Amino acid sequence: MLEIERVTVEFRPKKGPPMVALQNVNLTIRPGEFVVALGASGCGKTTLLNTVAGFLPPTSGQIRLAGKTVLGPGKERGVVFQQHALMPWLSVVANVEFGLRLQGMPRGERRRIALECLDKVGLAQAAKQPVYELSGGMQQRVGVARAIATSPDVMLLDEPLGALDAFTRESVQEILLDIWRDSSRMFFFITHDVEEALFLSTRLLIMAARPGRIVHEFDVPFSRRYTETHNARAIKAAPDFIEMREQILDLIRHTSSTGTP
Amino acid sequence: MTQHDISTKPLPDTARQAASPARLPSGSRYRTPGAGSTRAISAATVLAVFALWWFATHFAWIKPLFLPSPEVTFKAFTDAIHGNTQGQTPLLDHVLVSVTRVFCAFFLAVLTAVPIGIAMGTSRIVRGIFDPLIEFYRPLPPLAYLPLIVIWLGIDEGAKVTLIYLACAAPLAMAAQAGVRGVPIEQINAAYALGGSRWQIITLVILPAALPEILTGMRIAIGFGWTTLVAAEMVAASVGLGQMVLNASNFLRTDIVVMGIILIGVLAYLFDALMRLLERRLTPWKGRM
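Residues numbered from 1 in each chain as written. Chains lettered and ligands numbered in written order. Predicted model: local features only at pLDDT ≥ 70, side-chain atom pairs only at ≥ 80, totals over all residues.

S.K.: Account for the overall build of chain B, naming residues and giving values.
M.R.: Helix and strand counts for chain B come out as eleven helices and zero strands. Written out in order from the N terminus, the α and β elements of chain B read α-α-α-α-α-α-α-α-α-α-α. Per-residue burial for chain B yields a buried fraction of 30% across its 289 residues. In chain B, the proportion of contacts linking residues at least 24 apart, taken out of those at least 6 apart, comes to 72%. (Helix = DSSP H or I, 4+ residues; strand = E, 2+ residues; numbered from the N terminus. Buried ≥ 20, exposed ≤ 12 C-beta atoms within 10 Å, placed from the backbone. Contact = placed C-beta atoms within 7 Å.)

Given below as C-alpha cells:
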C-alpha cells in the first residue's frame with residue numbers, strides 16, 4: 001500500500017513569494033489499483049510523482065510504501081519518464097537489464113529476465129539493436145520494460161505517451177494494461193489526455209493548480225473491462241465512456257475558468 | 001448507402017495525377033543550408049594552393065628567401081630524411097622526439113585532467129578548489145610562464161613535457177566538466193530509481209554520457225599540444241620539429257622552415273582524423289538522441 005499523507009511541496013524562488021506546487025495532498029493506492037492523475041500543466045501532477053519517486057522531498061507531510069517512509073529514490077518504485085531517459089551507449093537489452101546490473105545480478109540471469117520483459121512489450125526481436133535507432137514509441141516501450149525488469153511494487157509513469165502519435169499511443173496503452181493485469185502492482189500514471197485517463201484507470205484523480213491539489217476523484221470501470229474483453233475500440237465508443245469523458249471535460253473546463261472545484 | 005459512409009474506393013489515376021504537386025527537378029531536394037560532402041571541394045582548394053605556390057615561385061613573383069619553391073622545399077624534406085641538415089639529425093628522429101613529447105604530455109593530461117574534470121562536475125568541493133586555479137592559468141600564453149617552468153624544472157624533457165601538459169590539461173578538464181553538467185537529469189534519476197549508488201551513477205551513467213564531450217575536449221587539447229610544441233622546444237632542445245624550424249630560421253633556411261611547418265600540420269591533421277574515427281566508433285549515438 002502506498003500512502004501519501006498531507007504532502008505539501010513549496011518552491012522558494014530567490015525573488016518573489018514562495019510557490020505552492022502541492023498543498024495538503026492525501027492519497028492511498030492499494031495493490032492492483034491503476035490510479036491516473038489528470039490535469040492541465042502547472043497543477044502539480046509531475047511534482048506529486050517526483051515526490052513519490054523520491055526525487056523531490058516534500059516540504060511537509062510524508063509518503064509511506066508498505067509502512068516504510070520514502071526518503072529517496074529506490075528500486076521498489078519503478079519510473080517511466082516523459083522523455084524515455086534511456087542510455088544511448090547501451091543496446092536495447094542492456095538498457096532493460098541495467099537496473100539488475102546495478103544490483104549485482106549475474107549476467108546470464110539478468111539477460112533472461114530482460115528478454116522476458118522485452119517480450120511483454122513486444123520488442124524481443126529488437127533486443128540487440130542500439131536504442132538510438134528505434135522509433136519514439138519503441139524507445140518508450142523499452143523504458144517500460146526497463147522499469148518492470150526490477151519488479152517494483154509501484155510503477156510511476158510521468159506522461160510516458162505524451163510524445164507519441166495517436167496510433168502508437170493506443171497500442172502502448174494496451175501493453176500497459178496487459179502488464180498491469182498480470183501483476184498486483186500499483187500503477188500511478190500522469191496524463192493530460194482525458195480519454196487515456198479514462199481508459200487506463202481504476203481510479204481517476206482530477207488535479208487543479210494554484211495551489212496544486214486533488215479536486216475530484218472517480219472510480220472508473222473501463223480498464224477492468226478491457227482486461228476482460230480486450231476490445232479497446234468498443235470500450236472507447238461505448239455510451240458510458242463518452243458520457244463520462246464529457247462530464248470530466250466539463251468539470252475541468254469549469255475548474256480552470258473559475259479556479260474553484 | 002447513407003452519406004456518412006466512408007468510401008473505400010481507390011482514387012482513379014487521373015485524380016491522383018491532378019493531386020500530385022509540381023515536381024522538383026529530379027535529384028534535387030530541400031536540405032539544411034550547407035549540407036553535403038565537402039571532400040571534392042576541399043581537395044580542389046588544396047590543389048589550388050599548391051598551384052598558386054608553384055606559379056608564384058616559378059615566375060619569381062616572390063623571392064626564394066621569402067617563399068621557396070615546392071621543389072626546393074621537397075628537396076629540403078628528402079635531405080632532412082638523410083640527415084643532411086644543420087645538426088646532422090635525420091628527420092625521423094626530429095619527428096619521433098616531438099611526437100613523443102606531445103603524446104606523453106597529452107596522455108598524462110588525459111589521465112589526470114579528465115578525472116579532475118569529472119570530479120569538478122560531480123562535487124561542489126572539488127569544483128571550488130580547481131575552478132579558480134584552472135580559470136587563472138588557462139588563458140595565459142604558455143610562453144609567459146615558460147621561463148618560470150625552466151627555472152623550476154631545468155631544461156630537460158621534464159620542462160618541455162610539463163609545458164605541453166599544462167596546455168592540454170585545461171581544455172580537457174573544462175570539457176569533462178561540461179560533459180558531466182550536460183548529462184540529462186532524467187538519465188541520472190532513472191539510474192537512482194533503478195537502485196544505483198552514487199558511485200555507480202558516476203561510473204556507469206555520467207562517464208559514458210559525458211564521453212562525447214570528453215572526446216571533443218581531447219581533439220581540442222591535442223591541438224593545443226601541437227601549438228605549444230614549438231614554444232617548448234625553444235628551450236635548449238637539440239632535436240625536435242620545433243627546434244628544427246627555429247634553428248633553420250636562424251640560418252634563413254626558409255625551405256626547411258616551410259617543410260617543418262607543413263610536416264607539423266600534416267601530423268596534427270592525421271591525428272585529428274584518427275580522433276574523429278574514434279569518435280564515430282565510440283559514440284555513434286552523438287547527435288542522434
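S.K.: How would you explain the overall build of chain A if you had to name every residue and give the values?
M.R.: Check the secondary structure of chain A and you find ten helices and ten strands. In terms of C-alpha radius of gyration, chain A reaches 19 Å, essentially the compact-globule figure of 18 Å for 261 residues. C-alpha atoms of chain A, sized along the principal axes, occupy 55 × 50 × 35 Å. Relative to its full complement of 261 residues, chain A shows a buried share of 43%. Here the analysis covers contacts within chain A between residues at least 6 apart in sequence; of these, 67% occur between residues at least 24 apart. (Rg over C-alpha atoms; globule rule 2.2 N^0.38 Å.)

S.K.: Requested: an account of unusual backbone geometry, with residues and values cited.
M.R.: Residue and element names in this part refer to chain A. In this model, R210 is joined to P211 through a cis peptide bond whose omega is -10 degrees. Mapped onto the fold, P211 is located in the loop between strand 9 (203-208) and strand 10 (213-219). Even without being a glycine, A66 presents a positive backbone phi close to 50 degrees. Residue position: A66 is located in the loop between strand 4 (60-65) and strand 5 (68-69). Phi at E159 is positive, roughly 45 degrees, even though this residue is not glycine. Along the chain, E159 falls in the loop between strand 7 (154-158) and helix 6 (166-181). Under the C-beta neighbour-count criterion, E159 is labelled partly exposed, with 19 such atoms within 10 Å.

S.K.: Explain the sheet that holds strand 9 of chain A to me, and be specific about the residues and the numbers.
M.R.: Residues and elements named next belong to chain A. If you trace the six strands from one edge of the open sheet to the other, you get 6-7-8-3-9-10, paired in mixed fashion. A strand with exactly one partner marks an edge of an open sheet, and here the two such strands are strand 6 (77-80) and strand 10. On average, adjacent strands in this sheet sit at an angle of 20 degrees to one another, irrespective of strand direction. Pairing between strand 7 and strand 8 (residues 186-191): five bridges, direction parallel. Directly across from D158, in strand 8, lies its bridge partner I190. Packed on one face of the sheet, helix 5 (residues 136-149) meets strand 6 and strand 7 and runs near 175 degrees to strand 6. (Pairing = 2+ DSSP bridges. Axes fitted to C-alpha atoms, helices over the stretch in contact; angles between N-to-C directions.)

S.K.: I'd like a description of the interface of chain A and chain B, backed by residues and values.
M.R.: Taken residue by residue, the interface counts 21 residues in chain A and 17 residues in chain B. Of the residues in the side of chain A that touches chain B, the class split is 13 nonpolar, six polar and two charged. (Nonpolar A, V, L, I, M, F, W, Y, C, P; charged D, E, K, R; others polar.)

S.K.: Explain the pairing of strand 3 (residues 34-38) of chain A residue by residue, including any values.
M.R.: Working note: regular strand, side chains alternate between the two faces of the sheet. Residue and element names in this part refer to chain A. A large share of strand 3 lies buried, amounting to five of its five residues. Every second residue of strand 3 is oriented toward a common face, with F34, V36 and L38 on one face and V35 and A37 on the other, all of them buried. One ladder, built from five bridges, connects strand 3 with strand 8; its direction is parallel. When the bridges of strand 8 are listed, F34 appears paired with F187.

S.K.: Explain the confidence of the model for chain B to me, using residue names and the numbers behind them.
M.R.: Reading predicted coordinates in detail is not appropriate for stretches of low pLDDT. Per-residue confidence for chain B gives a mean pLDDT of 87, with 89% of residues at or over 70. Model confidence for the complex is summarised by a pTM of 0.83, with the ipTM given as 0.90. (pLDDT = per-residue confidence, 0-100.)

S.K.: Please set out the sheet that holds strand 2 (residues 19-29) of chain A residue by residue, giving values where relevant.
M.R.: Residue and element names in this part refer to chain A. Sheet architecture is open: four strands sit in the order 2-1-4-5, paired in antiparallel fashion. The open sheet has two edge strands, strand 2 and strand 5, and neither has a second partner. Here strand 4 pairs with strand 5 via two bridges, running antiparallel. Residue pairing in the sheet places R64 in a bridge with T69 of strand 5.

S.K.: Go over helix 5 of chain A, please, and point to the residues and values.
M.R.: The α-helix winds at 3.6 residues per turn, so residues separated by three or four positions along the chain end up facing the same way. All names here are of chain A. Helix length check: helix 5, at 14 residues, gives a terminal C-alpha distance of 20 Å against a target of 20 Å (1.5 Å per residue), a fit within 8%. Of all 14 residues that make up helix 5, twelve are buried, and the element is covered over most of its length. M138, Q139, Q140, R141, V142, G143, V144, A145, R146, A147, I148 and A149 are the residues of helix 5 that are buried. Of the surrounding elements, those touching the buried residues of helix 5 are strand 6, helix 2 (92-96), helix 3 (98-102), helix 4 (107-120), strand 7 and helix 6. Where helix 5 ends, the next residue or the one after it, S151, has phi of about 45 degrees, a positive value. (Expected span 1.5 Å × (residues − 1).)

S.K.: Report on the packing of helix 5 of chain A against helix 6 of chain A, specifying residues and quantitative values.
M.R.: All names here are of chain A. One way to put it is that helix 5 packs onto helix 6 with a least axis distance of 10 Å and a crossing angle of 15 degrees. It follows from the interaxial angle that helix 5 and helix 6 lie roughly parallel. For the pair helix 5 and helix 6, the sense of crossing is right-handed. Contacts between helix 5 and helix 6 involve G137, Q140, R141, V144 and I148 from the first element and T168, V172, I175, L176 and I179 from the second. (Parallel < 35°, antiparallel > 145°, perpendicular 65-115°, else oblique. Left-handed = near helix turned anticlockwise from the far one by under 90°.)

S.K.: Could you give an account of the environment of L49(A), naming the residues involved and the relevant values?
M.R.: All names here are of chain A. Mapping L49 onto the fold places it in helix 1 (residues 45-53). For the pair formed by L49 and E5, sequence separation is 44 residues and the distance between their alpha carbons is 14 Å. Leave out the neighbours within four places in its chain, and L49 touches L156, D158, F188 and I190.

S.K.: So what's going on with the environment of A119(B)? Which residues, and what values?
M.R.: Relative to the helices and strands, A119(B) resides in helix 4 (residues 91-122). The exposure class of A119(B) is partly exposed, given the 19 C-beta atoms found within 10 Å.

S.K.: Give me the packing of helix 4 of chain B against helix 7 (residues 157-181) of chain B: which residues, what numbers.
M.R.: Residues and elements named next belong to chain B. One way to put it is that helix 4 packs onto helix 7 with a least axis distance of 6 Å and a crossing angle of 35 degrees. Relative to helix 7, helix 4 is oriented so that their crossing is right-handed. In the contact of helix 4 with helix 7, the residues fall into 23 nonpolar, five polar and three charged.

S.K.: Could you give an account of helix 11 (residues 254-282) of chain B, with specific residues and numbers?
M.R.: Residues and elements named next belong to chain B. If you check helix 11, its first and last C-alpha atoms are 42 Å apart, about what 29 residues at 1.5 Å a residue would give, namely 42 Å. Residues of helix 11 that are buried: D255, I256, V257, V258, M259, G260 and I264. Looking at the buried side of helix 11, the elements it contacts are helix 3 (70-81), helix 9 (198-232) and helix 10 (241-250).

S.K.: Residues and numbers for the nonpolar core, please.
M.R.: Judged by nonpolar contacts, the single largest core of 132 residues is most densely connected at V36(A), A145(A), F188(A), I164(B), C168(B) and L172(B). Residues within four places of L172(B) in sequence aside, it is in contact with A109(B), V110(B), A113(B), V114(B), G117(B), G217(B), M218(B) and A221(B). (Core = buried A, V, L, I, M, F, W, Y, C linked by C-beta atoms within 7 Å.)

S.K.: Can you tell me about the pairing of strand 1 (residues 2-11) of chain A, naming the residues and giving the values?
M.R.: The sheet contact formed by strand 1 of chain A and strand 2 of chain A spans seven bridges and is antiparallel. Paired with F11(A) across the two strands is M19(A), which belongs to strand 2 of chain A.

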